[in-house]
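# Summary of the model geometry
In case you want the letters, here they are:
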Amino acid sequence: MSKRKIIIEPDPILREKSSPLEKVDNELRKLMDDMLETMYSAPGIGLAAVQVGILKRLIVIDISKEDEKKNPIFFVNPEIIYQSDKTSTYEEGCLSLPGFYAEVERPTECHINYLDYNGKRKKLEADGLLATCIQHEVDHLNGVLFIDHISKLKRDMIIKKLRKNKKELKKIIL
Ligand code: GNR
Ligand code: NI
């Protein structure tokens, strides 16, 4: 397994729509393993392939707590087939927007169809943090970030600060 570099906003790649995968093979499983290692080392509870620069519909999520057994779930070609009318608000963060957090309102419950690590068709009914995380990751596959769900004022402020961070980082490297 190897760790990959996480793409930080602002970057046009994060705004692109990812395409479906044709099959689950060993090459794809290698990417899934790399994404899991990248997510654990960040650390984060979810990661979409686009965040490591690959525009494919692939997500990994593990919401297990530190003192619990690890429970990674891989979602290939996830499709949200139901979202509840009832909504919940969570303070969200994103590995592509390091250091920024905001309250985001989303459907409390969602059901999804996907292919698992072995390419087997699965269905999952999620609520709570898992449902929030799934919806955050599926947004990534459609070029959407959590800041797109908050006020334009807050969003513009966060993007401005991220742009400044990138500029300063370039100065240090050069
Ligand atoms: O690590 C993450 N935490 C998180 C917290 C609340 C809602 C969503 C998330 S996902 C995020 C990792 C990430 O950026 N995934 O795309
Ligand atoms: Ni994210």
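Residues numbered from 1 in each chain as written. Chains lettered and ligands numbered in written order. Predicted model: local features only at pLDDT ≥ 70, side-chain atom pairs only at ≥ 80, totals over all residues. Heavy atoms only, no water.

## Quick look at the nonpolar core
- Judged by nonpolar contacts, the single largest core of 19 residues is most densely connected at I61, F75, L124, L130 and I134.
- For this core, the secondary structure elements donating two or more residues are β2 (58–61), β3 (73–83), β6 (109–115), β7 (121–127) and α2 (128–141).
- For this core, the element with the most residues is α2, which contributes six residues.
- Non-local contacts of F75, meaning those with residues more than four positions away in its chain, are made with R57, L58, I59, I61, I112, Y114, L115, L124 and I134.
- The next biggest cluster of nonpolar side chains, apart from the first, holds 16 residues, and it includes M32, L36, L47 and A49. (Core = buried A, V, L, I, M, F, W, Y, C linked by side-chain atoms within 4.5 Å. Buried < 20%, exposed > 50% of the residue type's maximum accessible area, 1.4 Å probe, protein only. Helix = DSSP H or I, 4+ residues; strand = E, 2+ residues; numbered from the N terminus. Contact = heavy atoms within 4.5 Å.)

## Here's the deal with the site of ligand 1
- Around ligand 1, the neighbouring residues are G44, I45, G46, Q51, E91, E92, G93, C94, L95, H136, E137 and H140.
- G46 is positioned with one of its backbone polar atoms (N or O) 3.1 Å from a nitrogen atom of ligand 1.
- A distance of 2.8 Å separates an oxygen atom of ligand 1 from a polar backbone atom of L95.
- When ligand 1 is considered free in solution it has 380 Å² of accessible area, and contact with the protein chains removes 90% of it.
- More than half of the atoms of ligand 1 fall within 2 Å of the grid points belonging to the largest pocket.
- Of all the elements, α2 adds the most residues to the shell around ligand 1, at three residues.
- Grouping the constituent residues of the shell around ligand 1 by class yields three nonpolar, six polar and three charged. (Near = heavy atom within 4 Å. Polar contact = N/O pair within 3.5 Å; in protein donor to acceptor, adjacent residues only side chain to side chain. Areas by Shrake-Rupley, 256 points an atom, 1.4 Å probe, with all protein chains shown as cover. 1 Å grid on protein atoms, 1.4 Å probe; cavity = no way out; pocket = protein on both sides within 12 Å on 5 of 7 lines; lining within 4 Å. Sits in = over half its atoms within 2 Å of the grid points. Nonpolar A, V, L, I, M, F, W, Y, C, P; charged D, E, K, R; others polar.)

## Some thoughts on a positive patch on the surface
- Residues K5, K160, K161, R163, K164, K166, K167, K170 and K171 make up a contiguous surface patch of positive charge.
- Looking at the secondary structure, you find K170 in helix α3 (residues 152–173).
- K170 sits in the exposed class, given a relative accessible area of 58%. (Patch = residues over 30% accessible without salt bridge, like charges linked within 9 Å, V, L, I, M, F, W, Y side chains within 5 Å. Salt bridge = Lys/Arg side-chain N within 4 Å of Asp/Glu carboxyl O. Lys, Arg positive; Asp, Glu negative; His and termini not counted. Charge placed at Lys NZ, Arg CZ, Asp CG, Glu CD.)

## Regarding the confidence of the model for the protein chain
- Predicted confidence across the protein chain gives a mean pLDDT of 97, with 100% of residues reaching 70 or more.
- Within the protein chain, strand β1 (residues 46–48) carries the highest mean pLDDT (99), whereas α3 carries the lowest (94). (pLDDT = per-residue confidence, 0-100.)

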